[in-house]
Structures are given as structure tokens and as C-alpha cells.
Amino acid sequence: MSTVQGYNFAYLDEQTKRMIRRAILKAVAIPGYQVPFGSREMPLPYGWGTGGIQVTAAVLGPSDTLKVIDQGADDTTNAVSIRRFFARTAGVATTERTVEATLIQTRHRIPETPLREGQILIYQVPIPEPLRWLEPRETETRKMHALADYGAMHVKLYEDVARFGRIATTYDYPVLVQGRYLMRPSPIPKFDNPKMHMNPALQLFGAGREKRIYAVPPYTEVKSLDFEDHPFAVQRWDQACALCGGADSFLDEVVTDDRGGRMYVCSDTDHCAARQEIREAAE
Amino acid sequence: MTPLLRVSGLTRMYGGRVGCKDVSFELWPGEVMGIVGESGSGKTTLLGCLSARLDPSSGTVEYDTREDGLTDIHALSEPRRRMLMRTDWGIVHQNPRDGLRMGVSAGANVGERLMAVGARHYGAIRAQAGEWLRKVEIDAERIDDLPLTFSGGMLQRLQIARNLVTHPRLIFMDEPTGGLDVSVQARLLDLLRRLVTDLGLAAVVVTHDLAVARLLAHRLMVMRRGEVVETGLTDQVLDDPHHPYTQLLVSSVLQP
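Each chain has its residues counted from 1, running along the sequence as written. Chains and ligands are labelled by the order in which they are written, letters from A for the one and numbers from 1 for the other. Only residues with pLDDT of at least 70 get local features here, since the model is predicted, and only at 80 or more are side-chain atom pairs given and counted; chain-wide, interface and lining totals rely on the full set of residues. Heavy atoms throughout the structure, all of them, feed into the side-chain values; hydrogens and water do not.

## Comments concerning the sheet that holds strand S6 (residues 89-92) of chain B
Residue and element names in this part refer to chain B.
- Any two strands with at least two DSSP bridges between them are considered paired. Per the convention used, a helix needs a DSSP run of H or I reaching at least four residues, while a strand needs a run of E reaching at least two, with both numbered from the N terminus. Across the sheet, which stays open at both edges, the 6 strands sit in the order S6-S7-S8-S3-S9-S10 with mixed pairing between neighbours. Pairing within the sheet leaves two strands with one partner each, and these edge strands are S6 and strand S10 (227-233). Within this sheet the neighbouring strands show an average axis-to-axis angle of 15°, counted without direction.
- Examined bridge by bridge, S6 and strand S7 (residues 170-174) share 4 bridges and lie parallel to one another. Pairing of Gly90 across the sheet is with Ile171, part of S7.
- Sheet strands touched by helix H6 (residues 152-164): S6 and S7. Its angle to S6, the strand with the most contacts, is close to 165°. As a rule, the C-alpha atoms of each element are fitted with a line to give its axis, helices using only the stretch in contact, and angles between N-to-C directions run from 0 to 180 degrees. Should any heavy atoms of two residues lie within 4.5 Å, those residues are considered in contact.

## Observations concerning the packing of helix H4 (residues 106-116) of chain B against helix H5 (residues 122-135) of chain B
Residues and elements named next belong to chain B.
- With their axes 9 Å apart at the nearest point, H4 and H5 run at an angle of 120° to one another. Comparing their axes, H5 and H4 come out oblique. By crossing handedness, the relation of H4 to H5 is classed as right-handed. Contact residues: H4 offers Gly107, Val110, Gly111, Leu114 and Met115, while H5 offers Ile125, Gln128, Ala129, Trp132 and Leu133.
- Of the residues in the contact of H4 with H5, the class split is 7 nonpolar, 3 polar and no charged. Oblique is the label for any angle not covered by the other classes, which are roughly parallel (under 35 degrees), roughly antiparallel (over 145) and roughly perpendicular (65 to 115). Crossings are classed by handedness, with left-handed meaning an anticlockwise turn of the near helix from the far one by less than a right angle and right-handed meaning a clockwise turn. Each residue receives one of three labels: charged for Asp, Glu, Lys and Arg, nonpolar for Ala, Val, Leu, Ile, Met, Phe, Trp, Tyr, Cys and Pro, and polar for the others, Gly being one of them.

## Quick notes on the nonpolar core
- Side-chain atoms within 4.5 Å are what join buried Ala, Val, Leu, Ile, Met, Phe, Trp, Tyr and Cys residues into a set we call a nonpolar core. Think of it in three bands: residues with accessible area under 20% of the maximum for their type are buried, residues over 50% are exposed, and the middle band is partly exposed, with areas taken using a 1.4 Å probe on protein chains only. Tyr158 and Phe227 of chain A together with Val110, Leu158 and Ile160 of chain B are the most contacted members of the largest nonpolar core, which totals 67 residues.
- When residues of this core are assigned to their parent elements, the largest contribution, 7 residues, is made by helix H5 (residues 151-164) of chain A.
- Boundaries between domains were set according to an automatic or database domain assignment. Domain assignment of the residues forming this core places at least three in each of domain 1 (1-39 + 52-88 + 168-256) and domain 2 (99-167) of chain B.
- The residues touching Ile160 of chain B, leaving out its near neighbours within four places in the chain, are Val92, Val136, Leu188, Leu192 and Leu195 of chain B.
- Core analysis: the next-biggest nonpolar cluster, separate from the first, contains 31 residues, Ala10, Leu12, Val35 and Ala79 of chain A among them.

## A closer look at the pairing of strand S5 (residues 120-124) of chain A
Residues and elements named next belong to chain A.
- Burial analysis of S5 places 5 of its 5 residues in the buried class, which makes it a mostly covered element.
- Of the two faces of S5, the one carrying Ile120, Ile122 and Gln124 and the one carrying Leu121 and Tyr123 are both buried.
- Pairing geometry for S5 and strand S8 (residues 202-207), over 5 bridges, is parallel. Considered in S8, the bridge of Ile122 is made with Leu204.

## Structural notes on the interface of chain A and chain B
- The interface of chain A with chain B comprises 20 residues on the first partner and 22 residues on the second.
- By convention, the term buried area covers the 1.4 Å-probe accessible surface removed from two parts as they join, with the contributions of both added. Of the roughly 1,800 Å² buried at the junction of chain A and chain B (both faces included), carbon and sulfur atoms supply 59%.
- Its largest share of buried area at the contact with chain B, chain A owes to Leu147, Val155 and Tyr158 of chain A, together 31% of the area lost on that side.
- Here Arg82 of chain B and Glu140 of chain A are joined by a salt bridge, their closest N and O atoms 3.0 Å apart. Salt bridge, as used here, is a side-chain nitrogen of Lys or Arg placed within 4 Å of a carboxyl oxygen of Asp or Glu.

## Comments concerning the packing of aromatic side chains
- When two rings of Phe, Tyr or Trp (its six-membered ring) have centres within 6.5 Å they constitute a pair, described as stacked for plane angles under 30 degrees, edge-to-face for angles over 60, and tilted for the intermediate range. On inspection of all chains with the given rule, the structure shows 14 aromatic pairs over all chains.
- Both rings, one in Trp89 of chain B and one in Phe172 of chain B, keep their centres 5.4 Å apart while their planes meet at 80°; by these two values the pair is edge-to-face. In this pair, Trp89 of chain B sits in strand S6 while Phe172 of chain B sits in strand S7, placing the two residues 83 residues apart along the sequence.
- A connected cluster of aromatic rings, assembled from ring pairs, spans Tyr7, Tyr11, Phe85 and Phe86 of chain A.
- Remark: a charge is flagged as sitting over a ring if the NZ atom of Lys or the CZ atom of Arg is within 6 Å of the ring centre and within 35 degrees of the ring normal. Arg180 of chain A extends its terminal NZ or CZ atom over the ring of Tyr181 of chain A, reaching a point 4.3 Å from the ring centre.

## Considerations on the pairing of strand S4 (residues 103-107) of chain A
Residue and element names in this part refer to chain A.
- A large share of S4 lies buried, amounting to 4 of its 5 residues.
- The pairing of strand S2 (residues 65-70) with S4 spans 5 bridges and is classified as parallel. Of the residues in S4, the one forming a bridge with Lys67 is Ile104.
- Pairing geometry for S4 and S5, over 4 bridges, is parallel. Note that in S5 the partner of Leu103 across the bridge is Ile120.

Without other data, these values stay purely geometric and don't point to any function.
Printed below as a string of C-alpha cells:
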């Protein structure tokens, strides 16, 4: 794809990128801590990934290979447009293969293929504050973070168990990073929470509207909150993916007709395609 | 023996106006102190300063902490003060909606303090919450109901349970019976009196209702325009008031 003229490399100007990189450095130094930054207007609406796109622009280099996923898929509108945006403004190589990518911007999923050292995973975050629905005052939530005063978060989990008999929070499941900061992992399914723990890749989180950046450095402890008698557990399905036959990935339910027909398929399209290839090669 | 709370020269100004002025007293373990006076006499301001929610303009409030003995609570670090507030103290607000989380169930409201001090066993938290609901005479079946569905008297009792679950030594009550009808008031007072005796609690009760003060308090402090005009044993103050303002206050009570 041809690069458009008249823009700085990766759209943002160098001063802005330096400002964002400083915020990222601070975030990496204090795992899970939300660092405020001067979020810019981006050529897409808030809620479509303005935070993630700014972080990507700030850390992207000419030799990087970019992958963008939206709900695990490489071929949805948001993923396609953000990937094309960087292909045109930065001229970087893009890929749909997790193993080939050095930079992965994601919305709502962590790839099924285990990440390796040197890769960077960038999350788009709508609401960074885990205590927001419990405490509306920003001054108070900051104080709660400063004092590690996180008892209130368990009130929400208690409510879940009292109402549904189990912890019914299935996405954006609160985690404690390195035993210190409470963090919202962006709306990823709790299925992906264990992947954040001791991950060899660098994980960066950008919230554009709320103007916050936070990070989980490689090999950092990430613990999902739970009760002793209601331990954290991920979702399970009683079927395998209808396309690749895998039974260990996160499945989407797809309605196929108006007579109750439905199928379960992997949400990670790259992972699913790779497994289908292996199966076809074997046959 | 040391007092639980020692207040000396406590003054709180709102700009040029007086909130409360030069208040000094000592509160002993297991003692209930009543603060009476008309609206605007500085009762709630005084209670706010005592419970570290308001900063005094001058004077000190010392509390007998478990670790260091008598310590000025306004000089404590924020984390220690918060810890004190949710373990050793309880604060019962005049309006139960200020002291409760209206959006979560009764059980979670009672369990919140336990979770805040580190309880992480759901079954144990729930059992304790149920136990406390029983103690304040709320039907155990309502443990999962939202406080929004509770009556005024039940809300006030729920608030009391939420405060007592960590076994505090001192509770601050601001008009605990405000806005309740008389029969509910009587039951609540009965309950409070029983809890205070059973648990050996010390309490500071702010009220404008002399009947409440007579039932609950051992000692009374009468306030007027931010100043304490008379102190003494409850019976003594109410049956033989010396200060003209106290005499007026006592004689203003309607006799049915």
C-alpha cells in the first residue's frame, strides 16, 4: 500500500510521541499504575481505539511488523482500518500472523498463540479506573490506589456470588498487578486473564478519552481477584470449534439461521486458520 | 486507667462564624455521652471533628489506640486513620443513605468492612453478615435484598449492623432516630441500648431529642451557639437543669 505524503511518520508529531513515550516509561516503571498523558484528537471517534492507536504510534518503528485485532479477528472493520491507517501513515509491514508480528494492537482479546519476548501487546481501553463504578470521585479513587485500599472491589464480587452463586463477571475482570495496583485489563474475557500473568511480552494499555496509560512489563505477576471459597475460574465450552476442532480456545457463538441453528467458532481468526491448515495438511 | 477519648480546647470555625468553640471532655470505655442542643448549635460539627471527618481550627482529639495509647487523631497518617475508622470506630449517619451503599445487597453492606480489613472467604463473610442482621432484628431472608427495598427503621438498623461487624470500641451516632416514627424509634432505642451494654461500647450520640438522650446517654453535654453550656450526668441535667438555656430546652418538651 502506498504511503500518504504530508504526514509525519505514524501520524503523530515527534513532540507528542515523546510525551507519550515518557508516560509509557513511567507506566512500565510502576506496573499497573495509571499515568495521565495529554491525549490528542485522532482521526477516529473516542471508543474506537484512540488510546491504543496513540500508544502504537509512539512505539512503532520503521522495521516493525504490525498486527491489529478486534475481538480476536483480523478482518473486522476496526482492525482493518487501524491496520491500513498505519500502513499508509508509517509504511510499516502488516501481518495477520501472531508469530510474525512485533507489535499487536488489540481490542477485547489476547491472541491464543503464546507471545514471546520482544513483542508488544497494546490494548485499547475504554475505562481505565477499576474502582469507577464503586466510587465516582476521581480524587477518592486516586487516594484508594495510593493507600492500596481495595476492599470495595470485593464488594462487587460478593454481590456477584450472592446473586448468581458464582462470580459472574466475565470480562474486564479486575486484577492485582505485582501485588500492588488494582488494574482493569480492558474488556478482555476473563478467559484471557491467566495469559497476562508472567507474560514474556510487554503489555501496554492506552485510554484515549480518559487520558491514561498503564502497563504490565514482561514477567510480571498478575493475579485475578477472587474469594478463597470461590476461586477464579475461566469460561469453558462443552464443544470444540466447528471450523478447526480446537477445544482450548475462546469460542464465539454464531447464529447461522432463524431456526435456532448456531455454531461455535474460535474468536482468534489467525489461530483458527493456522490449525485448519495443519489439519488439511495432515489429510 | 486512661480515657478512650480526650478532647481539649476543640474549636472549629467556618470563616468568621463559630462551628463549635473550646470544647473539652473525656470519654471513658463503655460510656455513652449525649450531645444535645437545638438545630445549628454545633452538634454535628463537633461530631465531625471528633470522628476525624472535619479538621478542627484548634485543639486536639486524642484517642486511645491499641498500639500507642493516647494519640492525636488529626495528626495520624491517612492510612492509619482509615484503618481506625473501619476497625475501632463506627459512624452512624443521620440519613442511612449516607452510610450505606444503596446499590448493593444488605449482606454486602454488612460484609464491606470485613472485606476492607482483609476477609476473603465468601462463606465466612456471609455467615457473619447473617449473624449481624439477626442481631439487629432484620429477617435473614432479606440478606440478598437491596437496601432500596427496606423501610426507614430497617435502613437505620442495617447501618448499625454494618458499623458493628468489626467490633468497634467507639461509635459516633448523629441523630440515630431522626425521621422514624415513635414506635420504630422505641424499638431502635431498645436495640441500641442492648447492643451498647452487651458489647461494652462507648458512644457519642448527637440528638435534639431529650427523650433519646435520657434513654441512651450516661452523661450529657448541652450545646448552644457552638459552646458547651452545661455538662453532667443525664438525670442531673434533665431533672435539675442549671443553665437558663437548658431549663428552656427541658421545659420545651411536650408532655403527652
